Amino acid sequence: MKRTKIVDIFAPELVGTQVSVKGWVRSRRGNKFVQFVALNDGSTIKNIQIVFDMEKFNEEQLKPITTGASIHVVGQLVESMGKGQTVEVQAESLEVYGTADPDTYPLQKKGHTFEFLREKAHLRPRTNTFGAIFRIRHNMAIAIHQFFHEHGYFYFHTPIITASDCEGAGQMFQVTTKNLYDLKKDENGSIIYDDDFFGKQASLTVSGQLEGELAATALGSIYTFGPTFRAENSNTPRHLAEFWMVEPEVAFADLNDLMDLEEEFIKYCINWALENCNDDLEFLNNMIDKGLIERLKEVVNTEFVRLPYTEGVKILEEAVAAGKKFEFPVYWGCDLASEHERYLVEEHFKKPVIMTDYPKDIKAFYMKLNEDGKTVQGTDVLFPQIGEIIGGSVREENYDKLMTRIEEMNIPMKDMWWYLDTRRFGTVPHAGFGLGFERLLLFVTGMTNIRDVIPFPRTPNNAEF
Ligand code: 4AD
Ligand code: MG
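Structural notes, computed from the coordinates. Please read all numbers here as calculations on a predicted model, not as lab measurements.

Cut-offs and rules
Throughout this description, residue numbers start from 1 for each chain and increase along the sequence as written. Chains and ligands are labelled by the order in which they are written, letters from A for the one and numbers from 1 for the other. Per-residue local features are limited, in this predicted model, to residues with pLDDT of at least 70; the limit for side-chain atom pairs, both in listing and counting, is 80 or more; totals at the level of whole chains, interfaces and linings are taken over all residues. Heavy atoms throughout the structure, all of them, feed into the side-chain values; hydrogens and water do not. Where helices and strands are cited, they refer to DSSP runs of H or I of at least four residues and of E of at least two residues respectively, numbered from the N terminus. With a 1.4 Å probe rolled over the protein chains alone, any residue whose accessible area is under 20% of its type maximum counts as buried; one over 50% counts as exposed, and the rest are partly exposed. To measure how exposed things are, a 1.4 Å probe is used in the Shrake-Rupley method; for residues, cover is taken only from the protein chains shown. In summary, the charge assignment counts Lys and Arg as positive and Asp and Glu as negative, without counting His or the chain termini. We put the charge of a Lys on NZ, of an Arg on CZ, of an Asp on CG and of a Glu on CD. Contacts are residue-level and defined by heavy atoms, with any inter-residue pair within 4.5 Å sufficient. Here the nonpolar core consists of buried residues drawn from Ala, Val, Leu, Ile, Met, Phe, Trp, Tyr and Cys, with membership extended through side-chain atoms lying within 4.5 Å. Note on terminology: near, applied to a residue and a molecule or strand, indicates that one of the residue's heavy atoms is within 4 Å of it. By the criterion applied in these results, polar contacts are pairs of N or O atoms within 3.5 Å in which, for protein atoms, one can donate a hydrogen and the other can accept it, and in which residues neighboring in sequence qualify only through two side-chain atoms. DSSP bridges decide pairing: two strands pair if at least two such bridges lie between them. For every element, the axis is a line fit to its C-alpha atoms; helices are fit only across the contacting stretch, and the angle between N-to-C directions ranges from 0 to 180 degrees. The crossing is said to be left-handed when, going from far helix to near helix, the turn is anticlockwise and less than a right angle, and right-handed when the turn is clockwise. When residues are sorted by character, Ala, Val, Leu, Ile, Met, Phe, Trp, Tyr, Cys and Pro go into the nonpolar class, Asp, Glu, Lys and Arg into the charged class, and all the rest, Gly among them, into the polar class. Put simply, a patch holds well-exposed residues, over 30% relative accessible area, that have no salt bridge, with like charges counted together within 9 Å and Val, Leu, Ile, Met, Phe, Trp or Tyr side chains within 5 Å. We count a salt bridge whenever a side-chain nitrogen from Lys or Arg sits within 4 Å of a carboxyl oxygen from Asp or Glu. Note on ring pairs: Phe, Tyr and Trp rings are taken, using the six-membered ring of Trp, and paired if centres are within 6.5 Å. Classes follow the plane angle, with under 30 degrees stacked, over 60 edge-to-face and the rest tilted. Only lysine NZ and arginine CZ atoms are considered, and such an atom sits over a ring when it is within 6 Å of the ring centre and within 35 degrees of the ring normal.

Digging into the overall build of the protein chain
Here is step 1: What the protein chain contains, in helices and strands, is twelve helices and 16 strands.
Here is step 2: Projected onto the principal axes, the alpha-carbon positions of the protein chain cover approximately 85 × 60 × 45 Å.
Here is step 3: A buried classification covers 51% of the 465 residues belonging to the protein chain.
Here is step 4: Accessible surface computed for the protein chain: about 22700 Å², of which carbon and sulfur atoms make up 51%.
Here is step 5: Computed over 50 positive and 69 negative side-chain charges, the separation of the two mean positions in the protein chain equals 6 Å.

A short note on the environment of Gln171
Here is step 1: Structurally, Gln171 can be placed in the loop between β7 (161–162) and β8 (174–175).
Here is step 2: Sequence separation between Gln171 and Leu204 is 33 residues, and the spatial gap between their C-alpha atoms is 9.8 Å.
Here is step 3: If we ignore the near neighbours within four places in the chain, the residues touching Gln171 are Asp165, Val206, Phe229, Arg230, Ala231 and Glu232.

Describing helix α12 (residues 437–445)
Side chains three or four residues apart in an α-helix point the same way, a direct result of the helix having 3.6 residues per turn.
Here is step 1: Along α12, nine of the nine residues are buried, which leaves the element largely enclosed by surrounding structure.
Here is step 2: Directly after α12, the chain includes Gly446, whose backbone phi takes a positive value near 80°.

What to know about the side chain of Ser207
Here is step 1: Along the polypeptide, Ser207 turns up in the loop between β9 (202–204) and α4 (209–219).
Here is step 2: Exposure remark for Ser207: the relative accessible area of 3% places this residue in the buried category.
Here is step 3: Apart from the residues within four sequence positions on either side, Ser207 is in contact with Cys166, Thr228, Arg230, Met245 and Glu247.

Looking at the nonpolar core
Among soluble globular proteins, nonpolar side chains are generally buried collectively.
Here is step 1: Of all hydrophobic cores here, the largest spans 68 residues; its most connected members are Phe265, Ile266, Ile270, Leu281 and Phe383.
Here is step 2: Broken down by element, this core gets its largest block of residues, twelve residues, from helix α5 (residues 255–276).
Here is step 3: In contact with Ile270, not counting residues within four places along its chain, are Met140, Leu296, Val299, Val300, Phe383, Leu440, Phe443 and Val444.
Here is step 4: Counting 21 residues, the second largest nonpolar core, distinct from the first, contains Ile9, Val21, Val37 and Ile48.

Brief notes about the site of ligand 1
Here is step 1: Around ligand 1 there are 25 residues in total, and Glu167, Gln209, Arg230, Glu247 and Glu388 lie nearest to it.
Here is step 2: At a separation of 2.9 Å, an oxygen atom of ligand 1 approaches a polar side-chain atom of Arg395.
Here is step 3: About the coverage of ligand 1: the protein hides 94% of its 630 Å² of free accessible area.
Here is step 4: Contributing elements (two or more residues each) for the shell around ligand 1: β11 (242–251), β15 (387–394) and β16 (430–436).

Some remarks on the sheet that holds strand β12 (residues 305–308)
Here is step 1: Taking strand neighbours across the sheet as the criterion, the eight strands line up as β6-β10-β11-β16-β15-β14-β13-β12 in an open arrangement whose pairing is mixed. Only two strands of the sheet have a single neighbouring strand rather than two, namely β6 (154–155) and β12.
Here is step 2: Bridge count for β6 against strand β10 (residues 221–229) is two bridges, and the pairing is parallel. Pairing of Phe154 across the sheet is with Ile222, part of β10.
Here is step 3: Set on the sheet, helix α3 (residues 128–150) makes contact with β6, β10 and β11; between it and β10 the angle comes to about 150°.
Here is step 4: Where helix α8 (residues 309–321) meets the sheet, its contacts fall on β12 and β13 (353–359), and the angle it forms with β12 comes to roughly 90°.

Digging into the sheet that holds strand β1 (residues 18–30)
Here is step 1: Ordered in space as β1-β2-β3-β5-β4, the five strands form a closed barrel in which the pairing is mixed. For this sheet, the mean angle separating the axes of adjacent strands, direction not counted, is 55°.
Here is step 2: Relative to strand β4 (residues 70–79), β1 runs antiparallel, the two sharing seven bridges. Bridging from a neighbouring strand, Val19 pairs with Gly75 of β4.

Focus: the packing of α4 against helix α11 (residues 417–424)
Here is step 1: At a closest axis distance of 10 Å, the pairing of α4 and α11 adopts a crossing angle of 35°. Remark: the crossing between α4 and α11 carries left-handed chirality. Within the contact between the two elements, α4 uses Leu210, Glu211, Glu213, Leu214 and Thr217 and α11 uses Trp418, Tyr419, Thr422 and Arg423.
Here is step 2: Considered class by class, the residues forming the contact of α4 with α11 number four nonpolar, two polar and three charged.

Quick word on a nonpolar patch on the surface
Here is step 1: Taken together, Ile160, Ile161, Phe197 and Phe198 make up a surface patch of nonpolar side chains, about 380 Å² in accessible area.
Here is step 2: Turning to its location among the elements, Ile161 is positioned in strand β7.

Let's talk about the side chain of Arg238
Here is step 1: Mapped onto the elements, Arg238 comes out in the loop between β10 and β11.
Here is step 2: Buried and without a salt bridge, Arg238 has Glu341 as its closest oppositely charged side chain, separated by 6.9 Å.
Here is step 3: Of the polar contacts made by the side chain of Arg238, one reaches the side chain of Ser338; its length is 2.9 Å.
Here is step 4: What Arg238 contacts, discounting residues up to four positions off in sequence, is Ser338, Arg342, Gln385, Ile386, Arg439, Leu442 and Ile450.

A closer look at the pairing of strand β14 (residues 375–383)
Within a regular strand, side chains alternate between the sheet's two faces.
Here is step 1: Here β14 lies mainly inside the structure; nine of its nine residues are buried.
Here is step 2: Sheet topology places β13 next to β14; six bridges connect them, and they run antiparallel. Residue pairing for β14: Pro359 is matched across the bridge by Thr375.
Here is step 3: One ladder, built from six bridges, connects β14 with β15; its direction is antiparallel. Residue pairing in the sheet places Leu382 in a bridge with Glu388 of β15.
Here is step 4: Where β14 folds back on β15, the antiparallel hairpin that results is connected by three residues, among which Gln385 adopts a positive phi of roughly 70°.

Focus: the packing of aromatic side chains
Here is step 1: Inspection of every chain in the model, using the stated rule, returns 24 aromatic pairs.
Here is step 2: For the ring pair Tyr309 and Tyr358, a centre distance of 5.5 Å and an interplane angle of 45° mean the geometry is tilted. Here the residue Tyr309 occupies a position in helix α8, and Tyr358 occupies one in strand β13, the gap between them amounting to 49 residues. Both residues of the pair, Tyr309 and Tyr358, count as buried.
Here is step 3: Among the aromatic side chains, those forming a connected cluster through ring pairs are Phe147, Phe148, Tyr153, Tyr155, Tyr223, Phe265, Tyr268, Trp272 and Phe433.
Here is step 4: A cation over a ring is seen here: Lys363 above Tyr358, with NZ or CZ 4.2 Å from the ring centre.

Take it as geometry only, folks, not as evidence of what the structure does.
Laid out in structure tokens, this is it:
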């Protein structure tokens with residue numbers, strides 16, 4: 001008999017038919033006449049109630065049915081008399097696939113802390129909260145592909161292993177097959193990579209942007225969506241060493257086009273969640289964050305503020321003059337700290353802010369220089385609770401100006417001749433951004449720690465599972 005997924009079992013036409021359900025036991029309760037089992041198969045946050053009439057089953061048969069056990073039940077789907085569910089299955093047969101010893105199975109019914117569950121990352125998808133989060137994660141990935149496909153962008157695969165440091169920040173994980181106990185060095189003490197796998201020093205990518213630019217200057221509009229890696233030692237609730245990034249890159253786009261795209265894209269994704277993840281969002285809204293759904297709806301219906309950095313700093317300086325205390329100093333030229341960004345978004349404007357035109361010294365080499373010679377056409381999209389959710393820019397398309405920035409910033413370019421070729425042959429104005437997928441998920445789920453929106457987080461001192 002074909003299995004019915006629990007997500008499909010609430011269809012009215014199934015009432016009165018025989019169904020086969022399979023899943024993991026969430027709980028069992030009852031008395032010597034009747035036993036109720038809440039069964040979940042991961043297809044939905046909802047459980048199906050299985051009713052065991054103890055005239056047909058004996059206590060011995062039901063003994064293995066403890067929290068976490070996996071079972072298969074065939075029975076009649078009937079309307080439920082009880083509270084809390086519309087339908088239930090009157091069990092006719094029971095097969096136990098696997099037991100879960102109550103003395104050792106870690107996910108007993110009581111509420112666990114997220115810290116505890118992080119140490120049980122191999123089992124936490126079986127909890128309501130993480131089931132909801134990972135279903136939403138899937139849906140947001142679909143939303144991303146859907147948005148770009150609908151808008152005529154091509155999904156372009158950029159390499160994971162690379163020899164270039166896109167952000168020029170030196171935070172790359174090395175990839176090598178060399179024997180680390182026997183490294184050959186030249187007379188200056190530098191490691192010789194000639195005999196390494198790639199014949200040169202290679203690393204895991206921090207961003208697909210540079211190769212994305214190659215694609216955009218050929219296919220017009222492209223996006224990448226893949227894992228990226230940063231060896232930055234930031235142990236914060238918003239940083240991962242391995243995270244997923246969405247990076248569109250668009251030929252012939254200017255700063256306004258870029259900001260329009262950023263805003264439209266984020267709203268599309270959030271709206272997608274509201275339309276396709278209702279049950280899971282309601283669960284998270286009830287259990288984790290009472291303001292969640294309201295906040296999502298608000299962002300979809302709000303026009304984002306567009307704010308040049310210089311004006312932003314002015315607002316922050318005025319706030320400080322009026323008595324606002326920040327941990328870090330604010331002045332023109334400083335790299336704004338998360339507390340500054342959140343002040344602008346959460347207290348001053350009370351809506352998302354797209355900050356633009358940053359001082360060139362605090363941004364990457366590829367950003368287009370403004371006519372003032374001091375600022376670049378970079379944008380950060382700043383969100384309530386999250387801070388920076390997107391970083392993007394118009395790219396410097398002029399070869400000479402780009403080379404000047406590269407030299408000023410001492411960017412090692414020996415392996416980047418191919419990137420410079422985009423500016424040598426048929427260069428065009430273009431722009432793009434990177435959205436941290438897990439930062440988006442933090443916003444959409446209302447979770448507060450980035451380790452809880454990716455199945456197996458990678459952070460300093462943590463690569464378990
Ligand atoms: O601002 P970032 O460093 O920009 C870039 O990498 C550009 N090359 C993107 C582009 O223009 N194509 O990173 C982009 C976004 C950030 O806004 C943030 O959301 C996320 O990636 N991000 C991280 N997310 C989790 N953990 C980290 N360590 C992150 N670093 C950046
Ligand atoms: Mg950034």
